[in-house]
Amino acid sequence: MQSQKISTIAFVNYLAHYIRNNPTKSPQEIARDGETVWRCMTESEKQPFRDIADCARRLKRTKSKRSKVSRKKEFKNETQAFSGR
């Protein structure tokens, strides 16, 4: 399994989720349908993707001297709660 890149943009994180759940769709269908579904989602449905984006922003701003590996492990642990969505 490839590691998933996490974006600081909630919609991009949602599209990654949408692609995983719709592997047979073309890129054009993914963009069109994913955008339509995103616009129809409630705020509470969007919140997990916003939380992941906020987490990515916080980690990006981290300027401590921790190693890159430590930050990746921390990020992975924080986002594991969202992997099932």
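Residues numbered from 1 in each chain as written. Predicted model: local features only at pLDDT ≥ 70, side-chain atom pairs only at ≥ 80, totals over all residues. Heavy atoms only, no water.

The protein chain appears in an unreviewed UniProt entry as HMG box domain-containing protein from Photinus pyralis.

> Help me out: how do you make sense of the nonpolar core in this one?
Among the nonpolar cores identified, the biggest contains nine residues, and these are Ala10, Tyr14, Leu15, Tyr18, Ile30, Trp38, Met41, Phe49 and Ala53. Of all the elements in the fold, those that place two or more residues in this core are α1 (10–21), α2 (27–40) and α3 (43–61). When residues in this core are grouped by element, the largest group, four residues, is from α1. Once residues lying within four places of it in the same chain are set aside, the contact partners of Ile30 are Leu15, Tyr18, Ile19, Asn22, Lys25 and Glu35. (Core = buried A, V, L, I, M, F, W, Y, C linked by side-chain atoms within 4.5 Å. Buried < 20%, exposed > 50% of the residue type's maximum accessible area, 1.4 Å probe, protein only. Helix = DSSP H or I, 4+ residues; strand = E, 2+ residues; numbered from the N terminus. Contact = heavy atoms within 4.5 Å.)

> I tried to follow the packing of α1 against α2 on my own but got confused; where do I start?
The relative placement of two packed helices is expressed as an angle between their axes plus a distance between the axes. At a minimum axis distance of 10 Å, the contact between α1 and α2 shows a crossing angle of 120°. Considering the angle they form, α1 stands oblique to α2. Two packed elements cross with a definite hand, and for α1 against α2 that hand is right-handed. In this structure, α1 uses Ala10, Phe11, Tyr14, Leu15, Tyr18 and Ile19 to contact α2, whose residues at the interface are Ile30, Asp33, Gly34, Glu35, Val37 and Trp38. Counted by class, the contact of α1 with α2 contains nine nonpolar, one polar and two charged residues. (Axes fitted to C-alpha atoms, helices over the stretch in contact; angles between N-to-C directions. Parallel < 35°, antiparallel > 145°, perpendicular 65-115°, else oblique. Left-handed = near helix turned anticlockwise from the far one by under 90°. Nonpolar A, V, L, I, M, F, W, Y, C, P; charged D, E, K, R; others polar.)

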